[in-house]
Amino acid sequence: MNSPWTARLILLVFWALIYLPGLGDLEIKGEEWRRTIPGRNMLQNGDWLVPRSGGLPYVRKPPLINWISAVSFKTTGVVNEWTARLPSVLTILVASLGMFGFSRRWMGNKAALVGGLFFLASVGVIEKGRIAEIEVYYIAFTGLAFTAWMAGFKGKLNPWAAWLWVGLFLGLAMLAKGPMHLLFFYLPVVGACWATRRWKQLFSLPHLAGLLLFFAITLAWALPFISSYAQLMGIQKMDVLSTWGNEVSSRVTGEEKTSASDWLIRGPKALVMFLPWILLVPLWWRKAALERAFGDPDSRKTFDGLKWGVVAGFAFMILIPSSSARYVAPLLAPVLLMIAWVLVEGGTEATQRQRTAWHWVNRVFFVLAMVAIGVAAILYWPSSLISVAVWAAGITVLTQMVLRQVKQEGTLAVVSLTLVTALATALLMGGFIRIGHHIMSQREDVRSTALAIRKAMGDTSEGRLLIFHLGQMPYPFYLPETSLELDTLEQIPQDQPFRWMLTGTKTDEGFRPWFERRFGPAETVAEFERTWGDQGKRGERMVLVRFAGHAKGGQE
């Protein structure tokens, strides 16, 4: 493969075909609302240090994703599922192109392209990369840090530049979720240094500069946050640190009992994230493949060190109490790039039997993909006919582009067929994404309730909505952007009248006289059942109240 720009174009088109279709179709799910509502509230209250949801601080995770959500909403001027998830898919695009740029320096254009396709077409990256969740930033920044470090370690990038890139990416990952990604970065790094006896890499001035940048990025937010949060809550600054300490230690001590007993299924669930390419991992232990891939002893030792570092990180995170399969997500990029590296360089000789097996794999993928596309077209007929046709045509054209870049004849058959498998995976995943969206849209339990509340309000420009004492919940994502979430009477601004209030029925019964003195006579417009939450919250009643006027002089 001669042109890196052609490879980048292939990655761009491949990304668009997988990550953009149906991006905003489904309602927010899982923890997406916890990542996006605080960002919208930041735009509203101007506090970029302490995220808030439901009128309460939400400090279990650092605020990078909240900041990114706020920027997306501000830039687009719209708050919806598409703008909430757009930063995630853009992060995956930037990560794939950035990792290609770094990795082509130390494993060549062809292997870097294969690694990029594996990355974009893996189950874990597709699952996390199409939702507004923290893991996508963990995956992206850890992968970028790994490839930048490898470029420096192999002598293809200035050590100062390499370690400064590493410090930048690890610092951003720290602001996304905390320090656990350092384990997945440094175990392979230490493994490579151990295998090659290049310990000086870890005690060099460039590494120190990278660490200083990492800590500078972390402390630039952490120090003002600790001071602001401690003042807000009336606690000592050391008590703030204990909140994060408990969050991290609970993964090791087993304090979160809900996930401490699933060791037997945690490993297989984690491996699913690496499908289908995890099936090629046995190449890591094939002596013939490794000898062909790494002619020089240094590269072979480097790969062996990386391999055992990855295995150690995976095993540690799977075995500790209160862990979860998704916690190994930062390993996705290193593992998939290492598979591509040994496959391209060491799997170039293919027997007729191997070529036949790969052909059958591709046939199965394409048949399933055609079935998925056909079902999707029927489910969405006729609204998605054009989009499905463009999508299928794009995959076909992209397949031809890839095959023109990677010659099929001779000893490169396995690599070529693997690339076609990646494209077939994209086609298959796209079809099932559309089918899954159709099924999931029939089971909405957040958007439908929130839209019913908006409908009951009628003209939302009539006045501002107060969401009072309902705790942290996803419904505000779909309610008017001017809505204000508060938890206590003391938080209610003295100079802001409200025309609407959404609260619990018990709260309404107890505090309606107080609100009527502040905002005038009230009438109950409608009641709604909470269709989201655990068993303790699901089924509770919410009441929508309309106030007749603005009684500014009222007193509690």
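Residues numbered from 1 in each chain as written. Predicted model: local features only at pLDDT ≥ 70, side-chain atom pairs only at ≥ 80, totals over all residues. Heavy atoms only, no water.

## What to know about the overall build of the protein chain
Inference 1: Helices and strands together make up the secondary structure of the protein chain, namely 19 helices and seven strands.
Inference 2: For the protein chain, the residues scored as buried account for 55% of the 556 residues in total.
Inference 3: Across the protein chain, contacts joining residues at least 24 apart in sequence account for 78% of those joining residues at least 6 apart.
Inference 4: For the protein chain, the computed accessible surface area is about 23,800 Å², with 63% contributed by carbon and sulfur atoms. (Helix = DSSP H or I, 4+ residues; strand = E, 2+ residues; numbered from the N terminus. Buried < 20%, exposed > 50% of the residue type's maximum accessible area, 1.4 Å probe, protein only. Contact = heavy atoms within 4.5 Å. Areas by Shrake-Rupley, 256 points an atom, 1.4 Å probe, with all protein chains shown as cover.)

## Concerning the sheet that holds strand E4 (residues 484–486)
Within a sheet, adjacent strands bond to each other through the backbone by hydrogen bonds, running parallel or antiparallel.
Inference 1: Across the sheet, five strands lie side by side as E4-E3-E5-E7-E6; this open sheet has mixed pairing. Two strands close off the open sheet at either side, each with one partner strand: E4 and strand E6 (522–529). In this sheet, neighbouring strand axes are inclined to one another by 20° on average, regardless of whether the strands run parallel or antiparallel.
Inference 2: Strand direction decides the pairing type here: strand E3 (residues 465–468) and E4, joined by three bridges, are parallel. Each residue of the ladder has a partner; that of leucine 466, found in E4, is leucine 484.
Inference 3: Of the strands in this sheet, E3, strand E5 (500–504), E6 and strand E7 (541–547) are in contact with helix H19 (residues 505–519), which crosses E5 at around 155°. (Pairing = 2+ DSSP bridges. Axes fitted to C-alpha atoms, helices over the stretch in contact; angles between N-to-C directions.)

## Points about the pattern of salt bridges
Inference 1: Taken as a whole, this structure holds 16 salt bridges when the rule is applied.
Inference 2: The partner of glutamate 32 in a salt bridge is arginine 85, with the nearest N and O atoms 2.8 Å apart. Of the two residues, glutamate 32 is situated in helix H2 (residues 32–45) and arginine 85 in helix H4 (residues 81–120); the sequence distance between them amounts to 53 residues.
Inference 3: Across the pair arginine 447 and glutamate 81 runs a salt bridge whose closest N-O atoms are separated by 2.8 Å. Taken together, the residues span a long stretch of sequence, with arginine 447 in helix H18 (residues 447–457) and glutamate 81 in helix H4 at a distance of 366 residues. Each of the two residues, arginine 447 as well as glutamate 81, counts as buried. (Salt bridge = Lys/Arg side-chain N within 4 Å of Asp/Glu carboxyl O.)

## Looking at the side chain of threonine 142
Inference 1: Among the structural elements, threonine 142 can be located in helix H6 (residues 135–153).
Inference 2: Using a relative accessible area of 1% as the deciding quantity, one classes threonine 142 as buried.
Inference 3: In this view, threonine 142 contacts Tyr137, His181 and Pro330; residues no more than four positions away in its chain are not counted.

## Thoughts on empty space enclosed by the protein
Inference 1: In total, this model carries one cavity of 30 Å³ or more according to the counting rule given.
Inference 2: Of the voids in this model, the largest cavity is the one considered here, and its volume is about 40 Å³.
Inference 3: Top contributing element to the lining of the largest cavity by residue count: H4, with seven residues.
Inference 4: By residue class, the composition of the lining of the largest cavity is four nonpolar, four polar and no charged. (1 Å grid on protein atoms, 1.4 Å probe; cavity = no way out; pocket = protein on both sides within 12 Å on 5 of 7 lines; lining within 4 Å. Points joined across faces, edges and corners; volume = space filled by probe spheres on them. Nonpolar A, V, L, I, M, F, W, Y, C, P; charged D, E, K, R; others polar.)

## Brief notes about the side chain of serine 72
Inference 1: Residue placement: serine 72 occurs in helix H3 (residues 64–76).
Inference 2: A relative accessible area of 7% places serine 72 in the buried class.
Inference 3: For serine 72, the residues in contact, after removing those within four places along its chain, are Thr83 and Pro87.

## Considering H19
Inference 1: If you check H19, its first and last C-alpha atoms are just 18 Å apart, much less than what 15 residues at 1.5 Å a residue would give, namely 21 Å.
Inference 2: Maximal helix bending in H19 amounts to about 65°, located at phenylalanine 511; proline proline 513 follows within four positions.
Inference 3: Three or more residues of H19 are buried, namely Thr507, Asp508, Arg512, Trp514, Phe515, Arg518 and Phe519.
Inference 4: Tucked inside the fold, the buried residues of H19 contact E3, E5, E6 and E7.
Inference 5: Following H19 by one or two positions, glycine 520 has its phi on the positive side, about 95°. (Expected span 1.5 Å × (residues − 1). Bend = angle between axes of the 7 residues up to and from the residue.)

## What to know about the pairing of E5
Inference 1: Burial runs high along E5: five of the five residues are buried.
Inference 2: Sheet topology note: the E3/E5 ladder contains three bridges and is parallel. By the bridge assignment, leucine 465 is partnered in E5 with tryptophan 500.

## Describing the packing of H6 against helix H7 (residues 159–177)
Each pair of packed helices can be summarised by the angle the axes make with each other and by the distance between the axes.
Inference 1: Interhelical geometry of H6 versus H7 gives an angle of 165° and a closest axis separation of 8 Å. Classed by the angle they form, the pair H6 and H7 counts as roughly antiparallel. Considering how the two elements wind past one another, H6 and H7 form a crossing that is left-handed. Listed contacts from H7 to Glu135, Tyr137, Tyr138, Phe141, Leu144, Ala145, Ala148, Trp149 and Gly152 of H6 are Ala162, Trp163, Trp165, Val166, Phe169, Leu170, Leu172, Ala173, Ala176 and Lys177.
Inference 2: Of the residues that constitute the contact of H6 with H7, the class distribution is 16 nonpolar, one polar and two charged. (Parallel < 35°, antiparallel > 145°, perpendicular 65-115°, else oblique. Left-handed = near helix turned anticlockwise from the far one by under 90°.)

## Describing the environment of arginine 85
Inference 1: A relative accessible area of 3% means that arginine 85 is categorised as buried.
Inference 2: Linking arginine 85 and serine 69, residues 16 residues apart in sequence, is a C-alpha distance of 8.4 Å.
Inference 3: Look past the residues within four positions of arginine 85 in its chain and what remains in contact with it is Leu23, Gly24, Asp25, Leu26, Glu27, Ile28, Lys29, Glu32, Arg130, Ile131 and Ala132.
Inference 4: Looking at arginine 85, its side chain comes within polar contact range of the main-chain oxygen of leucine 26, at 3.0 Å.
Inference 5: There is a polar contact of 2.9 Å between the side chain of arginine 85 and the backbone oxygen of glutamate 27. (Polar contact = N/O pair within 3.5 Å; in protein donor to acceptor, adjacent residues only side chain to side chain.)

## Brief notes about the environment of tryptophan 149
Inference 1: By secondary structure assignment, the location of tryptophan 149 is in helix H6.
Inference 2: By relative accessible area, tryptophan 149 is classed as buried at 2%.
Inference 3: Spatially, the C-alpha atom of tryptophan 149 lies 8.0 Å from that of tryptophan 165, the residues being 16 residues apart in sequence.
Inference 4: Beyond its immediate stretch of four places on either side in the chain, tryptophan 149 contacts Trp163, Val166, Phe185, Val189, Ala192, Cys193 and Leu306.

## A closer look at helix H8 (residues 181–196)
Inference 1: Between its terminal C-alpha atoms H8 stretches 23 Å, which fits the 22 Å expected from 16 residues at 1.5 Å a residue.
Inference 2: If you check which residues of H8 are buried, you get His181, Phe184, Phe185, Tyr186, Pro188, Val189, Gly191, Ala192, Cys193, Ala195 and Thr196.
Inference 3: Contacts made by the buried residues of H8 are with H6, H7, helix H9 (205–233) and helix H13 (297–319).
Inference 4: Looking one or two places after H8, you find arginine 197, whose phi comes out positive at around 60°.

## Examining the packing of aromatic side chains
Inference 1: Following the criterion strictly, the structure yields 28 aromatic pairs and no others.
Inference 2: Ring geometry for phenylalanine 118 against tryptophan 277: centres 4.2 Å apart, planes inclined by 10°, an arrangement best described as stacked. With phenylalanine 118 in helix H4 and tryptophan 277 in the loop between helix H11 (263–272) and helix H12 (287–293), this pair connects stretches of sequence that are 159 residues apart.
Inference 3: Centre to centre, the rings of tryptophan 284 and phenylalanine 303 are 5.8 Å apart; their planes meet at 90°, and the pair counts as edge-to-face. A residue pair is termed long-range when its members are at least 10 positions apart, and tryptophan 284 in the loop between H11 and H12 and phenylalanine 303 in helix H13 qualify at 19 residues. Pair check on accessibility: tryptophan 284 and phenylalanine 303 agree, each one buried.
Inference 4: In this structure an aromatic cluster arises from ring pairing among Trp106, Phe146, Trp284, Trp285, Phe294, Phe303, Trp308 and Trp341.
Inference 5: Above the face of the phenylalanine 153 ring, arginine 198 is positioned so that its terminal group lies 3.8 Å from the ring centre.
Inference 6: In this arrangement the basic side chain of arginine 546 is found over the ring face of tryptophan 500, its NZ or CZ atom lying 5.9 Å from the centre. (Phe/Tyr/Trp six-rings, centres within 6.5 Å; stacked < 30°, edge-to-face > 60°. Lys NZ or Arg CZ within 6 Å of the ring centre and 35° of its normal.)

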